[in-house]
Structures are given as C-alpha cells and as structure tokens.
Amino acid sequence: MPLLELRNITKDFPGVRALDGVSFDLEKGEVHALCGENGAGKSTLIKVLCGYYPFGSWGGEVLLDGQPIHFMNLRDSEDKGIALIAQELAMVPGLSAAENLMLGREPVKNGMIQWDRVREEARKAFELVGLEIDPDMPVRELGVGQQQMIEIAKALSKKARILVLDEPTAALSDVDAKRLLQLLHQLRSQGVSSIYISHRLEEVSGIADRVTVLRDGRSIVTAPSSQLSRDQIIGHMVGRKVENLYPRPQTQAGKTLLSVKDLRVEAPANPGRFVVDGVSFDLRAGEVLGLAGLMGAGRTALVSSLFGAAKGKASAQVEVGGKSGLLFRSPREAVEAGLALVSEDRKRYGLVLESSIEENLILASMGRLVKGGFIDGEAARRESQGQVESLRVKTPSLNTWANKLSGGNQQKVVLGKWLMTAPQVLLLDEPTRGIDVGAKAEIYELIGQLAKKGMGILLVSSDLPELLGLSHRLIVLSAGKMTAKLEAAEATPEKVMAAAVSH
C-alpha cells in the first residue's frame with residue numbers, strides 16, 4: 001500500500017480547469033519527481049495536497065496510510081507529517097537561524113521563552129541536515145543554500161514523513177545543489193519520502209526513483225526514472241518531440257557592436273576588492289557570446305555595469321555602435337545607446353507584478369509612445385499585442401496582471417519590453433532560470449531569430465549545456481578575472497569548468 005495517494009484530483013478556477021483527473025502516489029522512502037511545463041498543474045496539485053486549497057474546494061480523494069484525509073489548511077498537513085519547502089523561502093530575515101527554526105512553537109516556561117532550549121533544538125536539527133552554522137546568526141547573513149537547509153531542518157524537527165520540494169535548487173549554486181541532493185539520498189535511506197518538483201531534468205534523473213509528468217492539468221505518464229530518458233520526459237511535457245533543444249544560430253558574425261576594454265567593478269561593501277577585474281572583449285552583430293563562470297565569479301556584476309547599473313564603483317573604455325566613451329552612468333543612457341538587459345531576477349528588476357501586461361511591455365519605450373504629454377493608447381495596445389503574439393505569451397488579455405502569468409510567460413513579457421526598444425545589443429542574465437522546458441525552447445528559438453537579424457547577444461547562464469549549445473564563442477570568468485576565451489568548436493564542459501575554477 002502506498003504511503004500517499006491522490007486519486008482523480010480535479011480543481012477548477014473561473015473559466016479554467018487547472019487539474020483534470022490527476023492521480024499520483026508516493027511510497028515510503030521514495031523520491032518521486034513531478035515534472036511539467038509551467039501551468040501544467042504542479043503547483044495546484046501540491047497546494048491541494050498540503051491544504052492550501054481546503055478540502056471541499058477540489059474534487060477527488062487524498063489518502064495517507066490508506067485513510068482519506070481532509071486538510072483545511074497548511075497546519076493540518078504539517079500535523080500529519082507533510083512539509084512543503086516552497087520555492088519562495090518562508091524566512092524572517094531579521095530573526096536568527098534558531099528563531100526561524102522554532103518560530104510558532106518556542107518552548108515556554110512560566111510565560112518566558114526558554115532560549116537555551118531553542119538553541120539546543122536548533123543545533124540538533126541543523127546536525128540532521130549537516131548544517132554547521134551559529135544558531136544565533138541572523139538569517140539575512142546566510143546564503144540561499146543555507147536557508148534552504150534550515151527549512152528542511154525545520155520540517156524534520158516537526159517529524160515530517162513527506163517533504164514536498166518545489167524547485168529547491170533553482171536559486172542554489174552547484175555546490176549547494178549537490179549538497180541538497182546528497183541530503184535527500186540520505187533521508188530516503190532513513191524512510192523519509194520526497195515529492196521533488198524541478199525543471200532541471202538532469203537532477204530528476206539523478207535523484208528520482210519514479211517520475212510523473214503533468215500536461216494541461218492531466219497526469220500523462222508515471223514510470224521509473226530509469227525507463228524515461230531526458231528527451232522522453234521533455235516529449236511528454238510538451239506533447240511533441242523536441243529535437244535539437246539548443247539550436248546555435250547559423251549566422252555570420254558582422255561588425256563589432258560592443259567593445260569593452262579593462263572593465264573593473266569594485267565590491268560595493270569592500271572598496272579595493274574587484275568583483276570584475278580587467279575584463280576585455282568584443283561582441284559582434286549576429287553573434288551569441290556566452291559568459292560562463294561559477295556563482296560569485298562576477299557575471300551579473302559585469303552585465304549590470306555595462307547597463308549603467310553597477311552596485312560598486314566601475315570603470316572601462318566602451319565602444320557601442322562606433323562611438324567610444326566611458327561606462328554608462330545610468331540604464332537610461334545604456335538604452336539610448338542601444339543596449340537592453342534582461343535581469344536574472346525578473347520579479348524584482350524586470351516586472352511590475354501588479355500591473356498589466358501592456359503596462360509592463362511599454363515601460364522601457366514609453367517616451368516614444370507619448371504624444372502631447374499623454375501615452376498614445378492605440379499605439380501602445382497595437383505594439384503590445386504584436387509582442388504578445390510574436391512571443392506566444394499565454395494570457396487571456398493585455399489587461400492581465402503580470403503576477404498571474406507563469407514564469408515562462410513572465411520572462412517573455414520582460415523580453416518583449418526590451419525588444420520594443422529595438423536594441424542593438426541584448427544582455428541576457430540567466431534568461432531561462434526557473435522556467436519550463438517548453439518555454440526554454442521558445443526562448444532559444446527567439447535568441448536565434450534575433451541573432452539572424454543582426455543583434456549582438458551576451459548570454460549569461462549557469463546551465464552549461466545551454467551555454468555551450470547556443471554560443472558562437474565563450475568567455476569564462478573566475479573570481480572576477482577572464483580565464484579563457486573559447487570558440488564554440490573548442491569549448492567543452494571540461495575546458496569551461498577548468499577555467500571557471502582556475503582562481
């Protein structure tokens with residue numbers, strides 16, 4: 001008998017059936033991966049399971065240890081040993097690691113919190129997950145990987161039997177992600193079960209015992225991971241065979257669009273230490289130039305400084321479109337010179353989440369759309385609709401708020417916003433982070449189309465196959481310094497990684 005069963009689950013929203021008869025089961029000590037495009041129903045399914053959507057608001061049946069369960073809220077599911085580790089971590093930055101771990105269940109005696117017990121419980125819980133930190137350290141001073149481990153330690157300290165992990169490695173470095181996967185292996189041997197949701201299919205193949213694929217609110221296939229290749233999983237997710245996922249644009253590099261000499265960016269909190277140190281390169285028309293490196297190598301600092309948004313003091317000689325000068329002093333200057341930046345954090349820097357798709361699309365080109373002090377509404381709608389159609393943004397209307405879209409469609413809106421400025425140079429910082437494989441394929445196709453039209457593209461990505469597959473040339477950073485320049489034909493994972501760890 002399975003530990004957990006979800007039978008024929010249905011869930012409706014106004015005008016939309018999000019789940020249409022999904023069935024799923026989980027064995028004791030199993031890691032069961034849940035895959036699917038954004039909008040396939042994964043998040044809705046786990047919200048049903050964890051009581052976010054209370055019993056009665058959905059159809060079907062959920063059984064735990066063979067018995068029907070009726071959760072009315074998240075606390076009910078936690079009381080039965082089901083813990084959700086959400087993609088957006090539920091940490092209070094100003095509190096310590098120990099306070100976050102014990103929040104809401106602090107040991108009290110005579111009306112006073114027993115802080116010694118809080119710290120002791122925290123040490124024990126952190127030891128379970130191999131986390132070596134001071135329990136009194138404020139969470140804001142910890143890395144994302146450490147915060148993720150605190151969430152898991154909290155779940156285990158509550159005697160969780162089932163962990164539901166939603167994109168747990170999306171914001172982690174390779175080292176932290178590897179540590180998390182090792183922990184899940186260890187917990188599996190101790191009888192803890194996990195539902196693992198991830199777009200990183202190489203992780204799924206490495207960690208999961210079984211895989212269930214959802215598409216359009218339906219469960220399409222469930223099989224042992226050993227019987228499903230990466231391409232087969234992708235095919236089930238998108239409903240078609242995806243070939244040549246990384247189509248390097250077949251273009252002939254043209255004139256130099258961007259030339260950067262001796263770029264230096266100081267660490268904002270540590271003047272005198274450079275996060276980018278003496279980097280020089282050229283980007284040509286029709287070229288995709290890949291920028292590789294480990295977390296902290298200086299990739300984001302490099303593209304931000306080129307866009308006039310450096311957080312620390314920055315300097316360089318820059319030539320754009322034949323005009324030489326210093327670094328741009330603001331993003332406005334960069335946009336006027338023909339640059340555009342798709343940031344790695346679309347929700348923070350790319351979108352106004354509680355504004356409409358149309359309002360987001362016209363943000364960067366509003367000056368061009370203003371006539372007589374007012375926005376030309378007809379032109380704004382016409383151009384916005386054109387972007388929605390050409391980028392295949394899935395939305396009921398231009399008036400839909402950005403926060404209602406899936407991650408992939410949000411990213412398309414960010415791209416559309418910058419394409420409306422008609423840039424010569426497009427800086428892409430982790431453009432496919434946290435989006436599904438179908439949306440990734442569409443963005444790869446768009447990159448190819450833009451390169452063929454003569455745009456120069458600087459691509460930052462932590463996904464090495466993506467970077468190798470799309471780039472005509474690669475430059476590698478390590479500790480802020482350029483350690484390699486590689487043509488596509490000579491770039492291998494081994495060479496890139498060797499250069500990335502050389503400092």
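Residues numbered from 1 in each chain as written. Predicted model: local features only at pLDDT ≥ 70, side-chain atom pairs only at ≥ 80, totals over all residues. Heavy atoms only, no water.

Turning next to the overall build of the chain. Summing up its helical and strand segments, the chain has 18 helices and 24 strands in all. Rg of the C-alpha trace for the chain: 24 Å, near the compact-globule value of 23 Å for 503 residues, within the 12% margin. Overall, the C-alpha framework of the chain stretches about 70 × 50 × 50 Å when taken along its three principal axes. Here the chain, with 503 residues, has 52% of them falling under the buried criterion. Here the chain has roughly 23100 Å² of accessible surface; of this, 49% comes from carbon and sulfur atoms. Averaging the locations of the 61 positively and 61 negatively charged side chains of the chain gives two centres separated by 2 Å. (Helix = DSSP H or I, 4+ residues; strand = E, 2+ residues; numbered from the N terminus. Rg over C-alpha atoms; globule rule 2.2 N^0.38 Å. Buried < 20%, exposed > 50% of the residue type's maximum accessible area, 1.4 Å probe, protein only. Areas by Shrake-Rupley, 256 points an atom, 1.4 Å probe, with all protein chains shown as cover. Lys, Arg positive; Asp, Glu negative; His and termini not counted. Charge placed at Lys NZ, Arg CZ, Asp CG, Glu CD.)

Let us look at the sheet that holds strand S13 (residues 256-267). Either a parallel or an antiparallel arrangement is found when strands of a sheet pair, and the pairing is made through backbone hydrogen bonds. Reading across the sheet, the four strands line up as S14-S13-S16-S17 and stay open at both edges, with antiparallel pairing between neighbours. Either end of the sheet is taken by a strand with one partner, and the two such strands are strand S14 (270-284) and strand S17 (323-326). Strand-to-strand twist in this sheet, taken as the mean axis angle between neighbours without regard to direction, amounts to 5 degrees. Along the sheet face, helix H9 (residues 299-306) touches S13, S14 and strand S16 (314-320) and points at about 120 degrees away from the line of S13. (Pairing = 2+ DSSP bridges. Axes fitted to C-alpha atoms, helices over the stretch in contact; angles between N-to-C directions. Contact = heavy atoms within 4.5 Å.)

Summed over all chains, the structure comprises four aromatic pairs. Ring geometry for Phe13 against Tyr53: centres 5.7 Å apart, planes inclined by 65 degrees, an arrangement best described as edge-to-face. Of this pair, Phe13 sits in strand S1 (residues 4-13) while Tyr53 sits in the loop between helix H1 (42-49) and strand S4 (59-64), and the two are 40 residues apart along the sequence. Between Phe307 and Trp418 the ring centres are 5.5 Å apart and the planes differ by 90 degrees, which places this aromatic pair in the edge-to-face class. One end of the pair, Phe307, is in the loop between H9 and S16; the other, Trp418, is in helix H15 (residues 407-419), with 111 residues separating them in the sequence. An identical accessibility class is assigned to Phe307 and Trp418; each is buried. (Phe/Tyr/Trp six-rings, centres within 6.5 Å; stacked < 30°, edge-to-face > 60°.)

Before going further, it helps to examine the nonpolar core. Grouped together as the largest cluster of nonpolar side chains are 97 residues, with contacts concentrated most on Phe281, Leu302, Leu306 and Leu458. Ranked by residues supplied to this core, first place goes to helix H16 (residues 437-452) with nine residues. When residues no more than four places from it in sequence are discounted, the contact partners of Phe281 are Leu258, Ser259, Val260, Leu289, Leu302, Leu306, Leu458, Ile475 and Met482. Counting residues in hydrophobic clusters, the runner-up holds 34 residues, among them Val31, Leu101, Leu183 and Val192. (Core = buried A, V, L, I, M, F, W, Y, C linked by side-chain atoms within 4.5 Å.)

Right, let's talk about the environment of Ala301 for a bit. Along the chain, the position of Ala301 falls in helix H9. Spatially, the C-alpha atoms of Ala301 and Ile357 are 28 Å apart, while their sequence positions differ by 56 residues. Setting aside chain neighbours within four positions, we find Ala301 in contact with Val265, Val275 and Val276.

Moving on, we get to the pairing of S17. Here four bridges tie S16 to S17, and the two strands are oriented antiparallel to one another. Looking at the pairing, Val318 lines up with Gly325 of S17. Following S16, the chain reverses through two residues before pairing antiparallel with S17; Gly321 in that reversal takes a positive phi of roughly 60 degrees.

Taken in spatial order, the four strands make up an open sheet running S2-S1-S4-S5, and their pairing is antiparallel. Each having just a single partner strand, strand S2 (16-26) and strand S5 (67-68) make up the two edges of the open sheet. Contacts from H1 reach S1, S2 and S4, with the element oriented near 115 degrees to S1.

Glancing now at the side chain of Arg299. Looking at the element boundaries, Arg299 is found in helix H9. Here the side chain of Arg299 touches Ser461 through a polar contact of 3.4 Å, landing on its backbone oxygen. Setting aside chain neighbours within four positions, we find Arg299 in contact with Leu291, Ala292, Gly293, Leu294, Glu430, Val460, Ser461, Ser462 and Leu477. (Polar contact = N/O pair within 3.5 Å; in protein donor to acceptor, adjacent residues only side chain to side chain.)

A large share of H1 lies buried, amounting to six of its eight residues. Within H1, burial applies to Lys42, Thr44, Leu45, Ile46, Val48 and Leu49. Downstream of H1 by a residue or two, Gly51 has a phi angle that is positive, lying close to 85 degrees.

With that out of the way, let us pick up the packing of helix H5 (residues 144-157) against helix H6 (residues 174-189). The geometry of H5 relative to H6 is characterised by a closest axis approach of 10 Å and an angle of 15 degrees between their N-to-C directions. The orientation of H5 with respect to H6, classified from their angle, is roughly parallel. Two packed elements cross with a definite hand, and for H5 against H6 that hand is right-handed. Here Gly145, Gln148, Met149, Ile152 and Leu156 of H5 come into contact with H6, specifically with Asp176, Arg179, Leu180, Leu183 and Leu187. Among the residues forming the contact of H5 with H6, the class breakdown is six nonpolar, two polar and two charged. (Parallel < 35°, antiparallel > 145°, perpendicular 65-115°, else oblique. Left-handed = near helix turned anticlockwise from the far one by under 90°. Nonpolar A, V, L, I, M, F, W, Y, C, P; charged D, E, K, R; others polar.)

As a further point, take the environment of Ile9. Inspection of the secondary structure assignment puts Ile9 in strand S1. Classification of Ile9 as buried rests on a relative accessible area of 0%. When sequence neighbours within four positions are dropped, the list of residues in contact with Ile9 reads Leu19, Asp20, Gly21, Val22, Leu45, Val48, Trp58, Gly59, Gly60, Glu61 and Val62.

Here we take up the side chain of Ser461. Counting through the fold element by element, Ser461 comes out in the loop between strand S22 (456-460) and helix H17 (464-470). Engagement of the side chain of Ser461 in a polar contact is seen with the backbone nitrogen of Asp463, the distance being 3.0 Å. Look past the residues within four positions of Ser461 in its chain and what remains in contact with it is Leu291, Arg299, Glu430, Glu466 and Leu467.

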